[in-house]
Amino acid sequence: MSQNSAEHDFPVVDLQQLVKQLSSILADDSILYQEEDIRPYECDGLSAYQQLPLVVALPDTIEQVQKILQLCNKINLPVVARGAGTGLSGGALPYEKGLLLSLGKFNKVIEINQQLQTATVQPGVRNLAISEAVSHLGLYYAPDPSSQIACSIGGNVAENSGGVHSLKYGLTVHNIQQLKIVTIDGELITLGGTGLDSPGYDLLALMTGSEGMLGIIVEVTVKLLPKPKYVQTLLAAFDDVVNAGQAVANIISAGIIPAGLEMMDKLAIQAAEDFVHAGYPLDAEAILICELDGIEDEVTEQVAAIHTILKQSSAIEVRIAKDEQERIVFWKGRKNAFPAVGRLSPDYYCMDGTIPRKRLPQVLQAMEDLSKTYNLAVANVFHAGDGNLHPLILYDASKGQLEKAEELGGKILELCIEVGGTITGEHGVGMEKLNQMCVQFKAAELSQFHALKAAFDPKGLLNPGKAIPTLHRCAELGAMHVHDGKLPHPELERF
Amino acid sequence: MKDKNISDQLQNSVEQAIQTKTKLIIKAGGSKDFYGRTAIGKELNISEHQGIISYEPSELFITVRAGTLLKDIESVLAENNQMLAFEPPAFGDKATIGGTIACNLSGPRRAYSGAARDFVLGTKIINGQAEVLSFGGEVMKNVAGYDVSRLITGAMGTLGVLLEVSLKVVPKPETEITLVHQLNIDEALLKMHQWSTQSIPITASCYHQNQLTIRLSGTEKYINTLQHLIGGEVLTDADSFWHSVKEQSHHFFDSKKPLWRLSVASNSEITSQNDDTFYEWGGALRWIKTNTSQNETPHPLNGHISLFRSPTKINDTFQPLPKHLLQIHRNLKQAFDPHGIFNIGRMYQQF
Ligand SMILES: Cc1cc2nc3c(=O)[nH]c(=O)nc-3n(C[C@H](O)[C@H](O)[C@H](O)COP(=O)(O)OP(=O)(O)OC[C@H]3O[C@@H](n4cnc5c(N)ncnc54)[C@H](O)[C@@H]3O)c2cc1C
């Protein structure tokens, strides 16, 4: 796995001296540097990328974070932030000669404000733990990534994570109100506020999804919602994915925004069925799971409307969950789709492109063709409502198929760009999608991103080499991928 | 609606401004001239840059040129039973979508659906090096690269010239009803907090002179049920009432006194006299008419203050930024507009 480090040239730091400097800030057991201690930090959820850091620091106060960053800034030591390490794009992958800053000890809920419906928490608090902490008040935190039992709210902010209910309730950026961040020079800054807006630029939004490149998030105030009073779920089967895609468009055109609208293709249905026995129709080419929530009267009306739409969109079968138990069963297959697919093959690689919904049939067809060309199976699970695909490429690393899987993944992402979509809907660019960034953005846009980063981090010490590729890398890549005799970045000098 | 693309012309103007070291004031309909500070330089008018580039009701987005009139966009959406969920105030017939996004102004629905920035999916801009750049896109979920589109939203043209904006649009609610309650302010705030924890689908609220007015949206049957649950008198002329709140043509705003805008935590202490205060957003937005100057108007502890309208322009319209935050703003300005040509001083004196 090649690093994106062409332009970085950080001085070599003496480990012993560094440990000594850190021990004036942290207790000894919060500084890890022995191989067996730092091994658990070598990768995030994308385990194909592995790298040991020089040292791991585990602060538990904001002041310690400030001092660590001041030190790193002084001695030019790269810093990679890490939440729970569930990221799927290598965002928290350590930097070889750098410090890995784990926010794992920041795991406290600081304040719950029932009246304002907000919770202020430390960044290492798990996503689901927030909803659990406010459940007795009838409230919850809406964004629900499938990894919510494990992932941290700091990581969610850094990735702008979404979930199966983002269609109605939005992404992380729509559900946070205030952040406290520490900049690379150790300053503590508040972004957003207790009101609904704040003076100056919208740095709250800018920080969301910035992948640990602009600052360290040390406190998050999230908005809470009242738990929906009534939830109803439908499951529809189709003998043609095109019809399933059309059904999604028909529901949205009818003016109904479901809480969740998820699709699975045949391979994913079969894998899920073998794993959790959710009773999915095995003869279907695709299924849709559609959830509505709100007040009983309204939901009942919408369910009836959607039932009709699904039938009109040629669904071969429509089921309405008759009770909470059946509703959970409907979801069980979807929520376990990744591990279920994982059982089909020694390894799988999860992609994350987004496309305009209407391109779904075309993209599914093209993916099937690619899957044949590369001779690797692809199972599809996606947030159909907002066009966010999660193709799962099945491969066997022990047979040397990783490279082939990555190449196929890259092709799928380029396909997403081609149809007017994007290479990442919620997992971030990290280390993984740097090459596709060269396709999605022009050189001038990438330069603008680099300039923006420098506004926060002039020395490039925060998460170096991630999220935004160097122009050098794109030029080299361009030289390798000449399409129809046209170079992707003709304006750049070839190296 | 006109369909005209003047990007090349605008790009040339920016190039020339760089060469001749001329500062530019980006302007379209001029409907928000009253808002913020006055920039210095030569006018760069984008009003001609108009038209809908793509609109797909079933994909829930619209992409438009920045000079397109807000009212034109709203009527095209209405034909498809859709709307802009942030209910932007226009402050005049000539308001364009570019100005609306640049100011991030949102109306009564804001507290319940989100602000302009929440619905921005993508932008195309000219930066301070005369480069045409695109960020974000037309899909709902997109985390490739930094969220420049939301950074630009509300930056009042200080970071670049907006050429195009893609916005998420939403279906119009089936029915709406507006109810009026006679309450004192403490009771009114309490009620609003209670309702908001009960999933009551409030989509607008305001309070003035002992009247709490709320709007509910949803299906017809549901709204009927709710009306009985919540009580209050039905306001018959509701659309024009909310229009008057949004556009500030309500009699409260008919005044020569400076108008201050306080954006605060909705449960913040009540600090001013009833007749001179108008509440929106469940208490999170408070308009205050007062002749006191900036120095005498206390900065709220739980939010921020700005001078929204004033017969005379003053130096600091927006609440000053803390030192380190100001430095980041300057750095960002430098990153987007290294020659310092766009809307200098429009937002803050320092950039
Ligand atoms: C099985 C599975 C299912 C998943 N499902 C979803 C899903 O449905 N939706 C979705 O959006 N994602 C999903 N993910 C991806 C992942 O869980 C999210 O990206 C999550 O937000 C990462 O959180 P984390 O705490 O694990 O962050 P990490 O992996 O530790 O870090 C992620 C990035 O954030 C940065 N970072 C972390 N904490 C901070 C901080 N405090 N300050 C600054 N930067 C920080 C890191 O440097 C890194 O770049 C899934 C992952 C798995 C393994």
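The shown structure was predicted, so the numbers you read here are calculated from the model rather than taken from an experiment.

Participant: Quick question: what am I supposed to make of the domain arrangement of chain A here?
Facilitator: Interfaces are often described in size by the accessible area the parts lose on coming together. All names here are of chain A. Assigned domains within chain A: domain 1 (5-102), domain 2 (109-226), domain 3 (228-344) and domain 4 (441-492). The distance between the C-alpha centroids of domain 2 and domain 4 comes to 29 Å. With 10 residues of domain 2 at the interface, the matching set in domain 4 holds 9 residues. Between domain 2 and domain 4, a total of about 990 Å² is buried, with carbon and sulfur atoms accounting for 78% of that surface. It is I184, M213 and L214 that lose the most area in domain 2 upon contact with domain 4, and together they represent 63% of the buried surface on that side. Counting the contacts that link domain 2 with domain 4 gives 0 salt bridges. If you look at where domain 2 meets domain 4, you find 2 residue pairs in polar contact (both at pLDDT 80 or more). Residues of the side of domain 2 that touches domain 4, tallied by class, amount to 7 nonpolar, 2 polar and 1 charged.

Participant: Explanation requested: the nonpolar core in the structure shown.
Facilitator: Most often, soluble globular proteins keep nonpolar side chains buried together rather than apart. Core analysis: the largest hydrophobic core is formed by 175 residues, its most contacted members being A:L179, A:L203, A:L310, A:L452, A:F456, B:V14 and B:L332. Of the residues forming this core, the biggest block, 7 residues, is contributed by helix 14 (residues 402-418) of chain A. Residues in contact with B:V14, not counting those within four places in the same chain, are B:L24, B:L44, B:I126, B:N127, B:A130, B:V161, B:I341 and B:F342. Counting 36 residues, the second-largest nonpolar core is a separate cluster that includes A:V55, A:I68, A:Y95 and A:L99.

Participant: It is not clear to me how the domain arrangement of chain B should be interpreted in this structure. Could you clarify?
Facilitator: Residue and element names in this part refer to chain B. Here chain B is partitioned into domain 1 (2-171 + 327-336) and domain 2 (175-309). Between the C-alpha centres of domain 1 and domain 2 the distance comes to 28 Å. Facing 16 residues of domain 1, the contacting portion of domain 2 comprises 17 residues. Roughly 1,400 Å² of surface becomes buried between domain 1 and domain 2 when both sides are summed, with 58% attributable to carbon and sulfur atoms. The largest per-residue losses of area from domain 1 upon contact with domain 2 belong to F91, P108 and Y112, which jointly make up 43% of the total buried on that side. In this structure, the connection of domain 1 to domain 2 is made through 2 salt bridges. Inspection of the domain 1/domain 2 interface yields 8 residue pairs in polar contact (both at pLDDT 80 or more). When grouped by side-chain class, the residues that make up the side of domain 1 that touches domain 2 number 10 nonpolar, 3 polar and 3 charged.

Participant: Honestly, empty space enclosed by the protein in this entry has me stumped. Any pointers?
Facilitator: Over the atoms, a rolled probe matching the size of one water molecule traces out where space is still vacant. For the structure on display, the rule yields 3 cavities of 30 Å³ or more. Taken as a whole, the largest cavity spans an internal volume of roughly 520 Å³. If you go around the largest cavity, you meet 34 residues; those closest to its centre are A:L196, A:D197, A:S198, A:G200 and B:N104. Secondary structure elements with two or more residues in the lining of the largest cavity: strand 8 (176-182) and helix 7 (203-207) of chain A together with strand 17 (303-309) of chain B. Of the residues that constitute the lining of the largest cavity, the class distribution is 15 nonpolar, 12 polar and 7 charged. Size it by volume and the second largest cavity reaches roughly 130 Å³.

Rules and cut-offs
Residues numbered from 1 in each chain as written. Chains lettered and ligands numbered in written order. Predicted model: local features only at pLDDT ≥ 70, side-chain atom pairs only at ≥ 80, totals over all residues. Heavy atoms only, no water. Domains from an automatic or database assignment. Contact = heavy atoms within 4.5 Å. Buried area = accessible area lost by both parts, 1.4 Å probe. Salt bridge = Lys/Arg side-chain N within 4 Å of Asp/Glu carboxyl O. Polar contact = N/O pair within 3.5 Å; in protein donor to acceptor, adjacent residues only side chain to side chain. Nonpolar A, V, L, I, M, F, W, Y, C, P; charged D, E, K, R; others polar. Core = buried A, V, L, I, M, F, W, Y, C linked by side-chain atoms within 4.5 Å. Buried < 20%, exposed > 50% of the residue type's maximum accessible area, 1.4 Å probe, protein only. Helix = DSSP H or I, 4+ residues; strand = E, 2+ residues; numbered from the N terminus. 1 Å grid on protein atoms, 1.4 Å probe; cavity = no way out; pocket = protein on both sides within 12 Å on 5 of 7 lines; lining within 4 Å. Points joined across faces, edges and corners; volume = space filled by probe spheres on them.

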